[in-house]
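Chains, contacts and geometry: an overview
Single-letter residue listing:
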Amino acid sequence: MIKAVLVINTQGKPRLTKFYDILVLIDPIAYENFLPFSSQRRQTVEKQQELLRSVFGVLCSRADNVSNFVEADSIFGPDSRLVYKHYATLYFAIVFDSSENELAMLDLIQVFVETLDKCFRNVSELDMVFNYSKLHNILDGIIFGGQVMETSSAEIIRAVEEISKLEAASNSISLVPKTVSGWRSR
């Protein structure tokens, strides 16, 4: 199972974070003591930030000529692996358990980046910042609930275009009937 997908720039700012394994984020003591939801939520956000800092620390300290595969047991718990790829100013990383193949995860990063390139015409960090919802639609087309759903860029792009058409159509729907809006303008 895929535990997380992370895109972090070279300054350590997260550009995309998607966690699929809630057990990675929940503090077992807080969970057992049934802390209020707001306290659990705050701890979850703090845990995410801690995990991102740890991952960035590992990624930025690695030389360019070493393997893209990292043992992540100390960060994400037992049976965790991290695969990453460094493109320009962004690190793309996937955290997963032993049920997934490392090379398949590296290929999945490649599919994700190729799909982003096709959607945004040479994707940049700014595209990721300003097209946040489209970015998540693309990722959800590839990975959903920690499972790989699709690996064909063409199919993913087709699905994202359909979602964009539906969003455009729903934005053009007026909640006020034309007869009433015409009546108000008189």
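Heads up: these notes are all about the structure in this document. (Residues numbered from 1 in each chain as written. Predicted model: local features only at pLDDT ≥ 70, side-chain atom pairs only at ≥ 80, totals over all residues. Heavy atoms only, no water.)

The next subject is helix α8 (residues 153–172). Taking 1.5 Å per residue as the helical rise, α8 with its 20 residues ought to reach 28 Å, and the 29 Å between its terminal C-alpha atoms agrees with that figure. Restricting attention to buried positions, one finds in α8 the residues Ser 153, Ile 156, Ile 157 and Val 160. Projected down its long axis, α8 shows its buried positions confined to an angular sector of 95°, all on one face. Turned more than 90 degrees away from the buried face of α8 sit Ala 154, Lys 165, Leu 166 and Ser 172, all of them exposed. Contacts made by the buried residues of α8 are with α5 (102–120) and α7 (132–142). (Helix = DSSP H or I, 4+ residues; strand = E, 2+ residues; numbered from the N terminus. Expected span 1.5 Å × (residues − 1). Buried < 20%, exposed > 50% of the residue type's maximum accessible area, 1.4 Å probe, protein only. Arc of directions from axis to C-beta. Contact = heavy atoms within 4.5 Å.)

Looking now at the pairing of strand β5 (residues 90–96). A regular strand places its side chains on the two faces of the sheet in alternate fashion. With seven of seven residues buried, β5 lies mostly within the body of the structure. Of the two faces of β5, both are covered, the one formed by Leu 90, Phe 92, Ile 94 and Phe 96 as well as the one formed by Tyr 91, Ala 93 and Val 95. By the bridge criterion, seven bridges tie strand β1 (residues 2–9) to β5 in an arrangement that is antiparallel. Among the inter-strand pairings, Ala 4 is bridged to a residue of β5, identified as Val 95. Relative to β5, strand β4 (residues 81–87) runs antiparallel, the two being bridged by seven bridges. Bridge pairing in β5 places Arg 81 opposite Phe 96. With antiparallel pairing between neighbouring strands as the criterion, β4 and β5 make up a hairpin whose turn holds two residues, including Ala 88 at a positive phi of roughly 50°. (Pairing = 2+ DSSP bridges.)

In this section: the pattern of salt bridges. Per the counting criterion, the structure on display carries six salt bridges. The salt bridge partner of Lys 18 is Asp 140, with a shortest N-O separation of 2.8 Å. Placement of the pair is Lys 18 in strand β2 (residues 14–19) and Asp 140 in helix α7, with a sequence separation of 122 residues. In this structure, Glu 102 engages Arg 81 in a salt bridge whose closest nitrogen and oxygen atoms are separated by 2.2 Å. Here Glu 102, found in helix α5, pairs with Arg 81, found in strand β4; they are 21 residues apart in sequence, far enough to count as distant. Residue classification places Glu 102 among the partly exposed positions, given a relative accessible area of 27%. You can call Arg 81 buried: its relative accessible area is 17%. Where salt bridges share partners, they join Glu 71, Arg 81 and Glu 102 into one cluster. (Salt bridge = Lys/Arg side-chain N within 4 Å of Asp/Glu carboxyl O.)

Once that is clear, we can look at the environment of Val 58. Within the secondary structure, Val 58 is located in helix α3 (residues 37–61). Of the residues examined, Val 58 reaches a relative accessible area of 25% and is grouped as partly exposed. Taking the C-alpha atoms as reference points, Val 58 and Val 70, separated by twelve residues in sequence, lie 8.7 Å from one another. Ignoring anything within four residues of it in the chain, the contact list for Val 58 reads Val 70 and Ile 75.

Turning to the packing of α7 against α8, a few remarks are in order. Look at α7 against α8: their axes get within 9 Å of each other, and the N-to-C directions meet at 135°. What the angle tells us is that α7 and α8 run oblique. As for the relative orientation of α7 and α8, their crossing is right-handed in sense. Of the residues in α8, those in contact with Lys 134, Asn 137, Ile 138, Gly 141 and Ile 142 of α7 are Ile 156, Val 160, Ile 163 and Glu 167. Among the residues making up the contact of α7 with α8, the classes are represented as five nonpolar, two polar and two charged. (Axes fitted to C-alpha atoms, helices over the stretch in contact; angles between N-to-C directions. Parallel < 35°, antiparallel > 145°, perpendicular 65-115°, else oblique. Left-handed = near helix turned anticlockwise from the far one by under 90°. Nonpolar A, V, L, I, M, F, W, Y, C, P; charged D, E, K, R; others polar.)

The next subject is unusual backbone geometry. Of note in the backbone geometry, Asp 79 takes a positive phi value of approximately 65° without being a glycine. Counting through the fold element by element, Asp 79 comes out in the loop between α4 (73–76) and β4. The residue Ala 88 is not glycine, and still its phi comes out positive at about 50°. On the accessibility criterion, Ala 88 (74% relative accessible area) is exposed.

Treat this as a map of the structure, not an account of what it does.
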